[in-house]
Amino acid sequence: MSTLGIDWITCEGRGLCAELAPEVISEDPWGYPIITPGQLPDDALPHVRRAIAACPALALRLVEDDRRRS
Amino acid sequence: MTSWERLLPGSGASGELRDLGTHHQVYGRLDLRRSAHVLIADIREAGLTGRGGAGFPSYRKLEAVRTASRPTRGRPVVIANGAEGEPASQKDKVLLTHAPHLVLDGLQVAARAVGASEAVIYVHEGPLVSAVAKVIEARRRARIDPTPTRVVSAPARFISGQETAVVSRVDGGLALPRSVPPPVYQRGVGRRPTLVNNVETLAHMALIARYGGAWFRGLGTEAEPGTMLFTVSGAVQRPGVLEAPIGVDLDQLLGIGQLTSPVHAVLIGGYHGTWIEYADGRHTLSDASLQSVGARLGAGVVVALPASTCGLVETSRVVTYLANESARQCGPCLNGLPAIAHALTGLARGRRDPSLPAQIETLSHLVEGRGACRHPDGTARMAGSALRVFQSEIDLHLVGRCSATAFAPILPTGERPARESVGVGA
Amino acid sequence: MSTAATGSALWFLSRGTGIVSLVLLTVVMTLGLLTRGGRTLPGLPTSSVTLLHRNASLLAVAFLAVHIFTAIVDPYVTINIVDAFAPFVSDYQPFWLGLGALSLDLALALVVTSLVRVRLGLRAWRAVHWAAYILWPLILVHGYVMGPDIRSGWLLGVSIACVAVVGSAAAWRWTVVPAEARPVGVR
């Protein structure tokens, strides 16, 4: 079970992620990603992994949900 | 009324409590010869929550930092956050000016509770820096601080007091927010577990360590115990910082200052807070009660807007200020806040575009949760509350009219007059 | 087939794959220049350009492998496997061949760091990737000196075209799009 995390400071709004994983990522009027909140659907995972690898700023990461929230 | 004044007793206005001897006369000496667990247990029993705006249970923060520390990570750092970036709030300045020893006592309590090896007090650049440094020096000569303390200053900007910005600055960088993972209680200054507490929270800790958790609960509500420092301004006769138990009636708090003109709306919390309709009847100042009108106590700012002043104009000025105070690190905030400010200004100036309120709502949803800190969320919240509370004013503006008869700005936006010392209220 | 004929065939293959590698690496260089510093040319999805850049570079590595293997195996010149990786130690044309070996080392560094980029981190990856500006001129020079056919006829035309394409892409990247400009409110 995983969600998509983003480092907003590193993100430069280049838009590759929205191109590669449109099921989960769309773009706001300024080119920054709008990530559908919640668990990532299993069939979107391969696209999401490509988006994470392709991000020029390496701003995306997969967050494993391990119920250890404080 | 005087029984409410724990942090700022009436004599505080005269500055006597800056003297260490007087401080010990009034409050007694702080005894730290108890285990950290006992100290944390007292704070837990007291039910103290953060007074910096977020209202997080203080004992949980202490425990988190304490358990995060381990030999490989280094001993924790504790920071007293006195960088009050909120223009409409004066409580931290007043507290540091009139009762700095309570804050510094509290910092020592926190340091003992988490096992810290370093303590920092973080304030805006300006006269307060040397004033606080002198107080620290006096304490050092009296040898009452087991954990060495130093002052770190930051530019007087709105964002300087944000938790990760504080850590960044103390760590030698710029006072700008950092991305959260890992959280500061795990890795903060020098990659060590770091505790950041508002100065008022620490002042309360200093008293809890002396008098106990049950004493703290003697005032306030069951769910939100203790007293709180409110900064009251606007259509009140004596604007200033007032200490009152949580759960006090809004009318009582304003009445202490006495209204100088009719009031239809009150800003609660601060510039990341919300407007509420005053005509709604009686309001109790507690999170539990304010929840019903979508508000929270936040940093204790209470501004009574005179009915003769246009709430839309005031809000647009504040949101413009907030947009300019963005750290400009995250795209949605950097782009979205000026867009919200632009739309609000359009509304305020009577631009007859009926889509403006909807635009503001859309933009608000676009910026919420999409940034390294909660600056866009807070700004959107404040703007959204204005759309609700000033609905009738919006209708007027959209046909090119406005109900205002007074045009002097009420809410401050940074250009503070040097002498705006709001004294401690009666 | 006689040894001489096999030799020529290998030599032709080596030079042929060398040319193809040059062309492919020109494509890689150009695509890389087109994606830096913000948005690409309108109409080109950035992720496609990036993926094409990646795939072309992997293909170039494949052709490079054949180019080097055939050069080593070819009996006409004495080049061994060490010469392919260690610059300037070969018997045959040590300096100009050495530039090829240097290029291979750089190319491997670029490819390997890119494959593990997420784990490596942006700063380290970027530091190594600047070497692309050294790599491409190096292979151009290596090819120009090592392959006499490249200096005339249509192969010269190909080389000139490569230089023109990379030149224009570099000019575009360094003038039209400022280096680390943050896109502000503009798509």
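Everything below is about the structure shown above.
I will try to describe carefully the structure that is included in this document. The model shown is predicted, which means the values in this text are computed figures rather than measured ones.

Turning our attention to the overall build of chain B. Per the secondary structure count, chain B includes 16 helices and eleven strands. Once the C-alpha set of chain B is aligned to its principal axes, its extents read approximately 70 × 45 × 40 Å. Of all 426 residues assigned to chain B, the portion counted as buried reaches 57%. Summarising the internal contacts of chain B: among those between residues at least 6 apart in sequence, 73% fall at separations of at least 24. Positive and negative side-chain charges in chain B, numbering 45 and 36 respectively, have mean positions lying 8 Å apart.

Below, the discussion takes up empty space enclosed by the protein. All names here are of chain A. Scanning all chains against the criterion turns up four cavities of 30 Å³ or more. Lining the largest cavity we find 15 residues, and of these C11, G13, R14, C17 and C55 sit closest to its centre. Its residues assigned to classes, the lining of the largest cavity shows ten nonpolar, three polar and two charged.

As a further point, take the interface of chain C and chain A. It is common to give the size of an interface as the accessible area lost on bringing the parts into contact. Taken together, the contacts link 21 residues of chain C with 23 residues of chain A. Interface area, chain C with chain A, both sides summed: about 1600 Å², of which 46% is carbon and sulfur. Where chain C touches chain A, the interface holds zero salt bridges. The tally of links from chain C across to chain A stands at five residue pairs in polar contact (both at pLDDT 80 or more). Those elements that place two or more of their residues in the side of chain C that touches chain A are α2 (46-73), α5 (117-120) and α6 (122-129) of chain C. A per-element tally of the side of chain C that touches chain A places α2 of chain C first, with five residues. Residue classes in the side of chain C that touches chain A are distributed as five nonpolar, nine polar and seven charged.

All names here are of chain B. Strand order in the open sheet formed by five strands is β6-β5-β11-β8-β9, with mixed pairing between adjacent strands. The open sheet has two free edges, formed respectively by β6 (240-245) and β9 (274-277), since each of these has just one partner strand. Put simply, the sheet's adjacent strands are angled 30 degrees from each other on average, direction ignored. Where strand β8 (residues 263-269) lies against β9, four bridges are found, and the strand directions are antiparallel. Pairing of A265 across the sheet is with E277, part of β9. Of the strands in this sheet, β8 and β9 touch helix α15 (residues 375-389), which is tilted by about 20 degrees from β9.

Looking now at the packing of aromatic side chains. All names here are of chain B. By the definition in use, this model includes ten aromatic pairs over all chains. Note on F158 and Y321: the rings are 6.0 Å apart at their centroids and 85 degrees apart in plane angle, and the pair reads as edge-to-face. On the criterion of sequence distance, the pair formed by F158 in the loop between β3 (149-154) and α7 (163-170) and Y321 in helix α12 (residues 311-324) is long-range, its members being 163 residues apart. Like F158, the residue Y321 is buried in the burial classification. Pairing Y211 with W215 gives two aromatic rings, centres 5.0 Å apart and planes at 65 degrees, and the pair type is edge-to-face. A cation over a ring is seen here: R6 above W215, with NZ or CZ 3.9 Å from the ring centre.

Moving on, we get to the layout of surface pockets. Put simply, the second largest pocket is a space of about 1300 Å³. Every residue lining the second largest pocket is counted, 46 residues in all, and those nearest its centre are T50, H53, S114, W125 and H129 of chain C. Mapped onto the lining of the second largest pocket, the elements with two or more residues apiece are α2 (45-54) of chain A together with α1 (3-35), α2, α4 (94-115), α5, α6 and α7 (132-146) of chain C. Of the residues forming the lining of the second largest pocket, the biggest block, eleven residues, is contributed by α2 of chain C. Along the lines of polarity and charge, the residues of the lining of the second largest pocket split into 27 nonpolar, nine polar and ten charged.

Cut-off values and rules
Residues numbered from 1 in each chain as written. Chains lettered and ligands numbered in written order. Predicted model: local features only at pLDDT ≥ 70, side-chain atom pairs only at ≥ 80, totals over all residues. Heavy atoms only, no water. Helix = DSSP H or I, 4+ residues; strand = E, 2+ residues; numbered from the N terminus. Buried < 20%, exposed > 50% of the residue type's maximum accessible area, 1.4 Å probe, protein only. Contact = heavy atoms within 4.5 Å. Lys, Arg positive; Asp, Glu negative; His and termini not counted. Charge placed at Lys NZ, Arg CZ, Asp CG, Glu CD. 1 Å grid on protein atoms, 1.4 Å probe; cavity = no way out; pocket = protein on both sides within 12 Å on 5 of 7 lines; lining within 4 Å. Points joined across faces, edges and corners; volume = space filled by probe spheres on them. Nonpolar A, V, L, I, M, F, W, Y, C, P; charged D, E, K, R; others polar. Buried area = accessible area lost by both parts, 1.4 Å probe. Salt bridge = Lys/Arg side-chain N within 4 Å of Asp/Glu carboxyl O. Polar contact = N/O pair within 3.5 Å; in protein donor to acceptor, adjacent residues only side chain to side chain. Pairing = 2+ DSSP bridges. Axes fitted to C-alpha atoms, helices over the stretch in contact; angles between N-to-C directions. Phe/Tyr/Trp six-rings, centres within 6.5 Å; stacked < 30°, edge-to-face > 60°. Lys NZ or Arg CZ within 6 Å of the ring centre and 35° of its normal.

Geometry only, nothing functional implied.
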